[in-house]
Amino acid sequence: MDQLPDETLFARLMKGDEEAIEVLFARYAQSLYGFFWRLTSDPSLAEDLLQELFIRLVNYTGKLPQHFRVWLYTIARNLSYDALRSQGRQQIHQVDEFDDDLDEIQDVMQNGPEKTALRRADDERIRKSLDQLPDVQREVVVLRYYQELSLEEIAKVTKVPLGTAKSRLYHALELLRGMLTREEVKDG
Amino acid sequence: MLRGISKSFDGVPVLKHITLDLREGVVAILGPNGAGKTTLMRILATVLAPDEGALECNDLHGEAALAAIRNQTGYLPQSLELPQHLTPRGLLRYVASLRLSGIREDTAMRLLDELGLGTMADRPLAQLSDGQRRLVAVAQAFLGWPKLVLLDEFSAGLDVAEKEVVYRLIHALTPGSLVVITSNQPAEVEKIAQTLVVLRDGELRFTGNTAELVGQARGMVWDARLPEHQVRSAMECYRLSRVRQADDGVTLRIVGAELDLAGALPVEPTLEDAYLLLMGNALKR
Amino acid sequence: MDNEPKQSYQSESGNFSDMEDWEKDIAKVLKESKPLSLPPEKMQALLSMLKPMVAERQSPPNINPPIATGRMRLGEFFRLVRNQAYLLELAYWIVIGLMMVSNLALLASNRLQSLFTMLFLILPLVGGISMVYSLRISHDGMGEIEQASTVGLKRIFAARLTLIFGLELLLALPLLIYYGVQSGGLVLARMAVAWLAPTVALSGITLFLFSRWGEWPSVGIPVLVWGSLILFGASRAGFIGFAEMVLARIVFNPLLPLLAVLGLTAGLAFGALGMRRLSSGRYSWS
């Protein structure tokens, strides 16, 4: 059971297999809770969203999703934004979408300024830095490093072209790098 | 999907050529009493036949559409007097039997638990409070998690906590479901509805989301602080959304297109302000 | 660059094999931040709540059952009839029970006159009143929900009336059988018809009156009319002889079948009209 792919498990869940929900829950629940928490910064809201997501999951009667993870995170993302919007917390300013060429990014990185070696940063600092990112960039970072989605999957979840997802990630990391190194200078 | 629905009672038109395309999510039908909300709901529930116009459902027309709607609807009528000797369990069991879709007893019980009525499942409705009875009535609409849930004035007689419970139920419905509620309180629907439909005198005054309605009122809502003696004349001249007493006078929230009152400051409108603006003539004079 | 394998399940630990160079340093740092996690009790509580919801899917709840435009199967119909029983109050069942008991007591004590009174005078009225009683339940509010239901008002009423009529039959049966045993098949047939026709007639008329004028007229008028007929007949025959007179008529009168047919027809016709009015979309239930 543990080794079955998500889609098979979900199909079984839809037919009433309780073991299937146990496995899917074990696979995704904590990670999704972390996701909700990182996007909303509100532990109790994250808990509510987790519950809501799973309730929707077990009550789902539509077509079987082709790619379960992408589908799951799409719902999770929508739920988070709905919640944030109803709390009036979604950011109004949109980030300019840089139409960066993938090759260009590589170029810059190779010929760009020296990367400062990053030291270990503590949880608090990282969380604060993430919070300061614009929504669209934060979600890419969270989906990438904490939910471990591939860039293709992230592009599908956030409904943007792959190039855009990549450039969002790139710019997000630039910002983060700047924030985290600045903090260290202050400490040091 | 309602197309060109009109309805009159005893020669008095109650609905005039209403056309609405309802998809998924939560739709709130707002309007003052007598606007035709309940009539519209009853037509949606296929309980009342319109004089003109038709209901469609997923490309189905006529009788097939009505049958399709009935197959997937949970309905809470505005005035529902339940047989008092029934227990909540008994009522849900009976309503489940009307669905022809094999709803299990434990599902019904879980629904009662969700509403905090689990311990009263076997008590006659006569022994429950008004709010609890109303919740049981709400529960039967959600039985089987239908695709279409129609709640006509569900909040009547419910306290704040009980309303919250119903909001939770609404959220628990699967994506792809449509919930239609009616209310005459904009503040109430703000929390849960994505789409607003505003009815007045049987006509559609607005369809769209909350933000759009509020956007319409931007620039037309003002706060004015006035000394007591000016309040009365202001009340006669302007349309007021709110009156707040303060130490140094009274703050009036005025809803209007143009205002030449000294000291009036434009403010960001709330849904209630926007609704009020839509409902009446802005300036009375 | 873009050759991320499309896995549907990745391992828990960080999989950095597909990472770009420009990500690696910061990725490592970010990964060190551990997210908040939900305590195990809460996780367990959530899972416990979810499992039964999954279990119920075994017999798929079938939120969109097939459109029931055709005939209902007999089994389904009888299940609907049985479910209508929920709506009848305990008081009603007690009355039915008492009547049953008194029927049997009368049979046991061989009190013919009382039997006769019960079977031909009281039961038809009870039938009519029961009809109104059972329909009143819908009239008081459930009607809209019933009308909006998959099953539909027509079938619900049919089921309810079947239930009521079934109970009536149950009450009448011991008495009819007694007469039949006493007097033979032909008499039984005549008695059955003599009971059935007024019962159906009164019920139909009551139904029709209810659909037009509501509760009190639908009960009051039949009681008045039927009561008057009885009193009239009784005044003609003298009280002692009334039972014998009517019994004789039932057994011997050649017009009985014709009258019965008329009564049945009237009852069915009025009943159908009333039903149609009640279950149409234009009837206002509130």
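Further up the page is the structure itself.
The model shown is predicted, which means the values in this text are computed figures rather than measured ones.

*Asks:* What is the right way to read the overall build of chain A from this model?
*Replies:* On a plain count of helices and strands, chain A comes out with nine helices and zero strands. When the helices and strands of chain A are read in sequence order from the N terminus, they spell out α-α-α-α-α-α-α-α-α. Here chain A holds 188 residues, and 38% of them are scored as buried. The long-range fraction of contacts in chain A, counting pairs at least 24 apart against all pairs at least 6 apart in sequence, stands at 64%.

*Asks:* I would appreciate a short explanation of the environment of C:Gly227 in the present structure.
*Replies:* When you line up the elements, C:Gly227 lands in helix 8 (residues 215-237). In this structure the C-alpha to C-alpha distance between C:Gly227 and C:Ile122, which are 105 residues apart in sequence, comes to 9.7 Å.

*Asks:* Looking at this structure, I do not really get the packing of helix 6 (residues 153-183) of chain C against helix 10 (residues 256-279) of chain C. What am I missing?
*Replies:* Relative placement of two packed helices is described by the angle separating their axes and the distance separating the axes. Residue and element names in this part refer to chain C. It is at 9 Å that the axes of helix 6 and helix 10 come closest, and there the two elements cross at 135°. Here helix 6 is positioned oblique relative to helix 10, judged by the angle of their axes. Helix-helix and strand crossings are classified by hand; for helix 6 and helix 10 the assignment is right-handed. From helix 6, Leu153, Lys154 and Phe157 reach across to helix 10, where they touch Met275, Leu278 and Ser279. The residue inventory of the contact of helix 6 with helix 10, partitioned by class, reads four nonpolar, one polar and one charged.

*Asks:* Just to check I follow, could you spell out the sheet that holds strand 11 (residues 239-246) of chain B for this structure?
*Replies:* Sheet strands line up and pair through hydrogen bonds in the backbone, either parallel or antiparallel. Residue and element names in this part refer to chain B. Across the sheet, which stays open at both edges, the four strands sit in the order 11-12-10-13 with antiparallel pairing between neighbours. In the strand order of this sheet, the two ends are held by strand 11 and strand 13 (264-266), each with one partner. Neighbour to neighbour, the strand axes of the sheet diverge by 20° on average, direction disregarded. When strand 10 (residues 221-226) meets strand 13, the two strands line up antiparallel, connected through three bridges. Directly across from Ala224, in strand 13, lies its bridge partner Ala264.

*Asks:* In this structure, what is going on with the sheet that holds strand 6 (residues 148-151) of chain B? I would like to understand it.
*Replies:* All names here are of chain B. What the six strands build is an open sheet, ordered 5-6-7-3-8-9; its pairing is mixed. The strands lining the two open edges of the sheet, one partner per strand, are strand 5 (73-76) and strand 9 (203-209). Here the strands of the sheet are splayed against their neighbours by 15° on average, with no regard to which way each runs. The sheet contacts of helix 5 (residues 130-142) involve strand 5 and strand 6, and relative to strand 5 the element is tilted by about 165°.

*Asks:* What exactly am I supposed to notice about the nonpolar core here?
*Replies:* Across soluble globular proteins, you tend to see nonpolar side chains buried next to one another. B:Val138 and B:Leu150 are the most contacted members of the largest nonpolar core, which has 131 residues in total. Here this core takes 13 residues from helix 7 (residues 185-213) of chain C, the largest share from any one element. Split by domain, the residues of this core number at least three in each of domain 1 (2-214) and domain 2 (217-279) of chain B. When sequence neighbours within four positions are dropped, the list of residues in contact with B:Leu150 reads B:Met41, B:Leu44, B:Ala45, B:Thr73, B:Tyr75, B:Leu76 and B:Val180. Ranked by size, the runner-up nonpolar core spans 57 residues in total, among them A:Leu50, A:Leu72, A:Ile126 and A:Tyr170.

Rules and cut-offs
- Residues numbered from 1 in each chain as written.
- Chains lettered and ligands numbered in written order.
- Predicted model: local features only at pLDDT ≥ 70, side-chain atom pairs only at ≥ 80, totals over all residues.
- Helix = DSSP H or I, 4+ residues; strand = E, 2+ residues; numbered from the N terminus.
- Buried ≥ 20, exposed ≤ 12 C-beta atoms within 10 Å, placed from the backbone.
- Contact = placed C-beta atoms within 7 Å.
- Axes fitted to C-alpha atoms, helices over the stretch in contact; angles between N-to-C directions.
- Parallel < 35°, antiparallel > 145°, perpendicular 65-115°, else oblique.
- Left-handed = near helix turned anticlockwise from the far one by under 90°.
- Nonpolar A, V, L, I, M, F, W, Y, C, P; charged D, E, K, R; others polar.
- Pairing = 2+ DSSP bridges.
- Core = buried A, V, L, I, M, F, W, Y, C linked by C-beta atoms within 7 Å.
- Domains from an automatic or database assignment.

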